[in-house]
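# Reading the structure
For reference, the chains in residue letters:
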Amino acid sequence: METNKDIKLIILCSWGATSSQLAKKVQEAAEKRGFTMTVDAGGTGEFKQKAEKYNVALLEPQVRHLKKEVSKIADAYQIPVELVDQRAFALMDGDKVLDQVLKMINN
Amino acid sequence: MIEWLENHLMEPLGKIAQNRYLQAIRDAFVIFALPVIITGAIFLIIANPPTSLDWGIINAWEDAVTPIQAQLLFPFNLTFGLMALTVAFGVGYSLAIRYDMDAVMAGILSMLAFFMTAFPVTDITQVPFGEILNYLGGQGLFIAIILGILTTEAMRFLINKGVTFEMPAGVPPYVMRTFRALIPFMIILPLVWAIAWIVWANFEVTLPQLVLDLFSPLVSASNSYWAALGMILLMLILWSIGIHGMNVVSSVAYPFWMTQLAENADAVKAGTEATGIVTEPFFHMFTHIGGSGATLGLVIFMLFSASVQLKQVGKTAIIPSLFNINEPVIFGLPIVLNPILIIPFVLGPAVIVTINYILFATGILPPVVIQPPFTVPIFFGGFIATGGSWLAGLVQIMNGVIATIIYYPFFKKYEKQLVQQEQEEAAETSVN
């Protein structure tokens, strides 16, 4: 899988607690595969202020009900948004989430 | 079924969670007020040794702080005493961010407007500061929130209507910022002053007192067992369908919880009886052992489970669970939309809330005076929240055990299902 641009991912939850853990796992998975990648975490509340810094966003399942609001912001910057795969989230599976991100970007 | 829930429950409830005012209120407390009151509470604890314990070290501590108690309480008085001022700024700031406005200016405007209403509109040099400090703290929270929203909305209205100085292009942004805020400030602040004056001239009360009188029945109602039970049930039912329950409930309940907390701190300071029971730590520290739904024991079961899936999720979930973060458990086990596990998930905390309420109401547990961050692990959280009670830490452990016992039969039933399913799958793959 090839991407010629840097991937700048943000993972969102309600306060940034679980998302920072998942972000670390995804970062590790990316490094293992030799990608240059920025993975940040944050709360949905702060997303608006920093959305422009990213080119892809993931939403954790507990903030699923905020997807519409987040998508609206993301659309303004043409950032694709998806929910993190529930099982990958539960297992903090960085590899699987990375696959999901690559798929989102290559579409 | 799931689709029906999505359409009929998730959407409307999600709307509540998305309400910009509620989000701004929650952010004002969690982001802006929390560091202020935690810092203040530390001084309150230092100035009030637990004199019920007759230990040498406590006696020495008491001897050391008694002569300087007033000075030690100064940082407490100012931080707790300015809690509502902080919240006024926080509400204005957070709301302005959601509108893409100049957040700092909105925060300052809302803070000034609130400050202005806290004084009697009279010769200000005759008003002792100590007398109004209460209104700037716990007792002023409701008016602080109301003004935070109203001033920011008014500012937005004026800017949208073009009632601002617009500088020609090329003017440095920070100069532009001053001028853009100037007219809203000059219109809104005098307006607030006029209202505060009318209220003072006619009723001889300040606006915070007036609002407090209006809200006080609600505040005392929120401190009851039924309110506590209602809150916990709502939180967990929301979680059960996949919505962040604490998030939704706390955005409405925070002003009430904080008012109780501030009243408790004041009572401790004055040496009188603290009566606030239903505060944020009542849920986050004493009920949500290991995260919403008190799942710590459940995660420990999972670690030793015969089911591959449960064991896997348990391994990832245990460390965050120790810090009361359990989203991976709620979604990975999953508890969400799981007819078996939802029962203990709701029942356990309901039982714990009942026990906690009795323990606090009868004075067996000392009142909560500090709100620790929700990530403080079991035992330490209770110890800190009550200003140093070992018993409170032990009660947390007891609550964790109670929840675990309630989970056990349901967990076993669910585990059996999964193991069977996993065996069938394994059999299928070996046949193929």
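Rules used throughout
- Residues numbered from 1 in each chain as written.
- Chains lettered and ligands numbered in written order.
- Predicted model: local features only at pLDDT ≥ 70, side-chain atom pairs only at ≥ 80, totals over all residues.
- Heavy atoms only, no water.
- Helix = DSSP H or I, 4+ residues; strand = E, 2+ residues; numbered from the N terminus.
- Buried < 20%, exposed > 50% of the residue type's maximum accessible area, 1.4 Å probe, protein only.
- Contact = heavy atoms within 4.5 Å.
- Areas by Shrake-Rupley, 256 points an atom, 1.4 Å probe, with all protein chains shown as cover.
- Lys, Arg positive; Asp, Glu negative; His and termini not counted.
- Charge placed at Lys NZ, Arg CZ, Asp CG, Glu CD.
- Buried area = accessible area lost by both parts, 1.4 Å probe.
- Salt bridge = Lys/Arg side-chain N within 4 Å of Asp/Glu carboxyl O.
- Polar contact = N/O pair within 3.5 Å; in protein donor to acceptor, adjacent residues only side chain to side chain.
- Nonpolar A, V, L, I, M, F, W, Y, C, P; charged D, E, K, R; others polar.
- Phe/Tyr/Trp six-rings, centres within 6.5 Å; stacked < 30°, edge-to-face > 60°.
- Lys NZ or Arg CZ within 6 Å of the ring centre and 35° of its normal.
- UniProt positions renumbered as here; feature names shortened; annotations may be inferred.
- pLDDT = per-residue confidence, 0-100.

The subject of this paragraph is the overall build of chain B. In terms of regular secondary structure, chain B is built from 19 helices and zero strands. C-alpha extents for chain B along the principal axes are approximately 85 × 65 × 40 Å. By residue count, 53% of the 432 residues in chain B fall in the buried class. Long-range contacts, defined here as pairs at least 24 residues apart, represent 73% of the contacts in chain B between residues at least 6 apart. Total accessible area on chain B is roughly 19100 Å²; 70% of this is exposed by carbon and sulfur atoms. Of the charged side chains in chain B, 14 are positive and 25 negative; the average position of the first set lies 10 Å away from that of the second.

On the side of chain A, 21 residues touch chain B, which itself brings 31 residues to the contact. Of the roughly 2300 Å² buried between chain B and chain A, counting both surfaces, carbon and sulfur atoms make up 59%. Of all residues in chain B, the largest losses of buried area upon contact with chain A belong to Gln18, Thr316 and Phe331 of chain B, amounting jointly to 24% of the total for that side. Taken together, the connections running from chain B to chain A amount to one salt bridge. The salt bridge involving Lys48 of chain A is made with Asp100 of chain B; its shortest N-O contact spans 3.9 Å. There are five residue pairs in polar contact (both at pLDDT 80 or more) connecting chain B and chain A. Contributing elements (two or more residues each) for the side of chain B that touches chain A: α1 (2–18), α2 (20–47), α5 (83–98), α15 (308–322) and α16 (327–332) of chain B. Per element, the largest residue contribution to the side of chain B that touches chain A is six residues, and it comes from α1 of chain B. Of the residues that constitute the side of chain B that touches chain A, the class distribution is 14 nonpolar, 10 polar and seven charged.

Moving on: the packing of aromatic side chains. All names here are of chain B. Applying the stated rule across the entire model yields 23 aromatic pairs over all chains. Ring geometry for Tyr225 and Tyr357: centres 5.7 Å apart, planes at 65 degrees, overall edge-to-face. One end of the pair, Tyr225, is in helix α11 (residues 225–240); the other, Tyr357, is in helix α17 (residues 342–361), with 132 residues separating them in the sequence. Lying across the ring of Tyr99, Arg156 places its NZ or CZ 3.8 Å from the centre.

Another point: the UniProt feature "modified residue: Phosphocysteine" (unreviewed entry) in chain A. Residue and element names in this part refer to chain A. Cross-referencing UniProt, the feature "modified residue: Phosphocysteine" (unreviewed entry) maps to Cys13 in the present numbering. Note that Cys13 resides in strand β1 (residues 7–13). By relative accessible area, which is 2% here, Cys13 ends up buried. Residues within four places of Cys13 in sequence aside, it is in contact with Thr18, Ser19, Gly42, Gly43, Thr44, Glu60, Gln62 and Val63.

Bringing the confidence of the model for chain B into the picture now. Residues and elements named next belong to chain B. For chain B, the mean per-residue pLDDT works out to 89, and 96% of the residues sit at or above 70. Mean pLDDT values for the elements of chain B range from 69 in α1 up to 96 in α17. This prediction of the complex comes with two scores: 0.84 for pTM and 0.74 for ipTM.

Bringing unusual backbone geometry into the picture now. Residue and element names in this part refer to chain B. Cis geometry is found at the peptide bond from Leu333 to Pro334, where omega equals -15 degrees. With respect to the helices and strands, the residue Pro334 is situated in the loop between α16 and α17. Within the chain, Glu204 stands out as a residue other than glycine whose phi angle is a positive 55 degrees. Counting through the fold element by element, Glu204 comes out in the loop between α9 (173–203) and α10 (207–222). Phi at Asn324 is positive, roughly 65 degrees, even though this residue is not glycine. Secondary-structure assignment places Asn324 in the loop between α15 and α16. Classification of Asn324 by relative accessible area gives buried; the value is 9%.

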